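If you want the building blocks of each chain, they are given just below.
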Amino acid sequence: MGPVTSDYKDDEGVSAPPEITDQHSLVNDPRWWADPWWEGIEYQVEHRVSLAQIRAPIAALRNLFDEAWTRRAIEGGPPNAVLPVLYGGRGLWPFQNLIWLGNIVLSLSTVPSVDRPKRDLIGPKTRAALFEMEVGSWFSELGWAVEFLKPNVEGKRPDIAIASGDIVSAIECKRFNSEKWEEWAEALSMKLIQRNVSDGTTGVRSHDILFEPRLSDLVWGPESVRLGVLDELADRISAAVTQSLSANPPCSVRIPGVAEIRPRPDNPDSQRGIGGIEISPQGKTRRIITNGVLDAAQQLQGYTRGAVIVRADFTPPAELVDVVLCGLNRADPSLLKSAVVVVITGTLGAAPVIWRNPMYLGDSLSETLGKAFDQILTKPHHLFTSNRAEC
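Residue indices follow the written sequence of each chain, beginning from 1 at its first position. Only residues with pLDDT of at least 70 are given local features in this predicted model, and only at 80 or more are side-chain atom pairs given and counted; all residues enter the totals for whole chains, interfaces and linings. With hydrogens and water set aside, each side-chain value is computed from the structure's full complement of heavy atoms.

What to know about the sheet that holds strand β10 (residues 353-356)
- By this definition, two strands are paired if DSSP reports at least two bridges between them. Strands here are runs of E lasting at least two residues and helices are runs of H or I lasting at least four, both read from the DSSP assignment and numbered beginning at the N terminus. Taken in spatial order, the six strands line up as β1-β2-β3-β8-β9-β10 in an open sheet, and their pairing is mixed. Looking at strand neighbours, the two that pair on one side only are β1 (145-148) and β10, the edges of this open sheet. The mean angle between the axes of side-by-side strands here comes to 20°, regardless of whether they run parallel or antiparallel.
- Here helix α8 (residues 126-141) sits on the sheet in contact with β1, β2 (160-164), β3 (167-175) and β8 (306-311), set at roughly 150° to β3.
- Along the sheet, helix α12 (residues 318-331) contacts β9 (339-345) and β10; its crossing angle with β10, the most-contacted strand, is approximately 30°. To obtain each axis, a line is fitted to C-alpha atoms, and for helices this fit is confined to the stretch in contact; angles are then taken between N-to-C directions over 0 to 180 degrees. Residues count as neighbours in contact if any of their non-hydrogen atoms are within 4.5 Å of one another.

Below, the structure written as structure tokens:
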């Protein structure tokens, strides 16, 4: 569940179409709805829907993201999780993204407290705020009462309160950004490419640069330290590439603990491969549970029992999550005593993890929340069919 992204990225990796780069013209006329391209007959035919069905989520978007809000968002600059959808161009993918966002807003149109996450859509919390709105919309479509809670003075309060019949609960949402090591590895790769360009060596023979698998462990300290290490690595590796390819014949060159340069005489073109850095699934799972699940569970304590939902770029195996969370229950039952259900979702195509705390198996809240998340995340949904229709 989520938008289909493009190749354009803002400062937080949120998709951003080329049109947003011309911010001054957009500020003068921020009416993203001025040209209703989504009313083209091709979209009605593709999704087998009426024009009225398309206009409903668009109207909800226009009501929430009006001219004043859109102008403020554009002036605020990136990151922004909404503008790339509103100004995402034309075509089937932009259409799906627009309707996806419109369905979220339409589902929350009767929830007065939506103004709370709406405020955070402009600024550094934009992705987290949109994720909260998406989660809230899931339960609103299922017929639950939804309230986006304001943080208290101590800061220990879940994001969303939900209620259905006799069931009263809460949800804490965690949205992970790209890990620092991923950004660092990408920056190192770009520096190596830039050095080749500046040296006029874009036509060098094909070769691979294989980083040591744990090279990313060098990511620590303040930004100045990270950049200093990054530049030094780029200089050393660039020199090794020159040494490798200037030999007759070209030969492999290894920088112990850093990387190995391997010529590719089998490839006549000028191509270079860069990679090798690895973070184990266990390491990623540890980060998700430590910084996501456990931190979120603390937000539920003192309020009520409920669910923790984490969205990350990696979805760990369900069995691995079960081992770790059950182990935490053994070590200290208080850590997850407020988390009746834990959900981890994110990787496109990967089945979400829906973990029901064994401490509450058979409990009505566990049964109800588990069933709700199963319906939301594992059942097929049409873009124009709400969850509520399946209840």
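Having seen it, we continue.
Digging into the packing of aromatic side chains
- Whether two aromatic rings pair depends on their centres lying within 6.5 Å, for rings of Phe, Tyr and Trp, where Trp uses its six-membered ring; planes under 30 degrees apart make the pair stacked, over 60 edge-to-face, and the rest tilted. Applying the stated rule across the entire model yields nine aromatic pairs.
- Look at Trp 32 and Trp 38: their rings are 5.9 Å apart centre to centre, the planes differ by 50°, and that puts the pair in the tilted class. Both residues of the pair, Trp 32 and Trp 38, belong to the buried class.
- For the ring pair Phe 139 and Trp 144, a centre distance of 5.4 Å and an interplane angle of 90° mean the geometry is edge-to-face.
- A residue is classified by how much of its surface remains accessible, and Phe 139, at 0% relative accessible area, is buried.
- Grouping aromatic residues by their ring pairs yields a cluster made of Trp 32, Trp 33, Trp 37, Trp 38, Tyr 43, Phe 95 and Phe 384. Summary of the burial criterion: residues with accessible area below 20% of their type's maximum are buried, those above 50% are exposed, and those between are partly exposed, where the area comes from a 1.4 Å probe applied to protein chains only.

Examining helix α3 (residues 51-64)
- Each helix should span, by expectation, one fewer than its residue count multiplied by 1.5 Å. Taking 1.5 Å of rise per residue, the 14 residues of α3 would be expected to cover 20 Å, and the 20 Å separating its terminal C-alpha atoms lies within 8% of that figure.
- Restricting attention to buried positions, one finds in α3 the residues Ile 54, Pro 57, Ile 58, Ala 60, Leu 61 and Leu 64.
- Of the surrounding elements, those touching the buried residues of α3 are α2 (41-47), α4 (67-76), α5 (83-86), α6 (92-107), α7 (115-120) and α8.

Some words on the packing of α6 against α8
- Running from N to C, α6 and α8 point in directions that differ by 65°, and their axes come no closer than 8 Å. Our pair here, α6 against α8, has a crossing hand that is left-handed. For the pair α6 and α8, the contacting residues are Trp 100, Leu 101, Asn 103, Ile 104 and Ser 107 in the first and Leu 130, Met 133, Glu 134, Ser 137, Ser 140 and Glu 141 in the second.
- Classifying every residue of the contact of α6 with α8 by side-chain character gives five nonpolar, four polar and two charged. Each crossing is labelled by how the near helix is turned from the far one, with a counterclockwise turn of less than a right angle marking it left-handed and a clockwise turn marking it right-handed. Classes in brief: Ala, Val, Leu, Ile, Met, Phe, Trp, Tyr, Cys and Pro nonpolar; Asp, Glu, Lys and Arg charged; the others, Gly included, polar.

What about the side chain of Asp 208?
- Position of Asp 208 among the secondary structure elements: in strand β4 (residues 207-211).
- Any N or O atom pair separated by 3.5 Å or less is treated as a polar contact, with the protein-specific requirement of one donor-capable and one acceptor-capable atom, and with residues adjacent in sequence counted only for side-chain atom pairs. Here the side chain of Asp 208 touches Arg 264 through a polar contact of 3.2 Å, side chain to side chain.
- Ignoring sequence-local partners within four residues, the contact set of Asp 208 consists of Glu 260, Ile 261, Arg 262, Arg 264 and Gly 273.

Observations concerning the pattern of salt bridges
- Counted as salt bridges are all cases of a side-chain nitrogen of Lys or Arg within 4 Å of a carboxyl oxygen of Asp or Glu. This model, assessed by the stated rule, comprises 16 salt bridges.
- The partner of Arg 236 in a salt bridge is Glu 232, with the nearest N and O atoms 2.9 Å apart. Taken as a pair, Arg 236 and Glu 232 lie in helix α10 (residues 223-246) at a separation of four residues, close to a single helical turn.
- Among the salt bridges present, the one from Asp 374 reaches Lys 379, with a minimum N-O distance of 2.7 Å.

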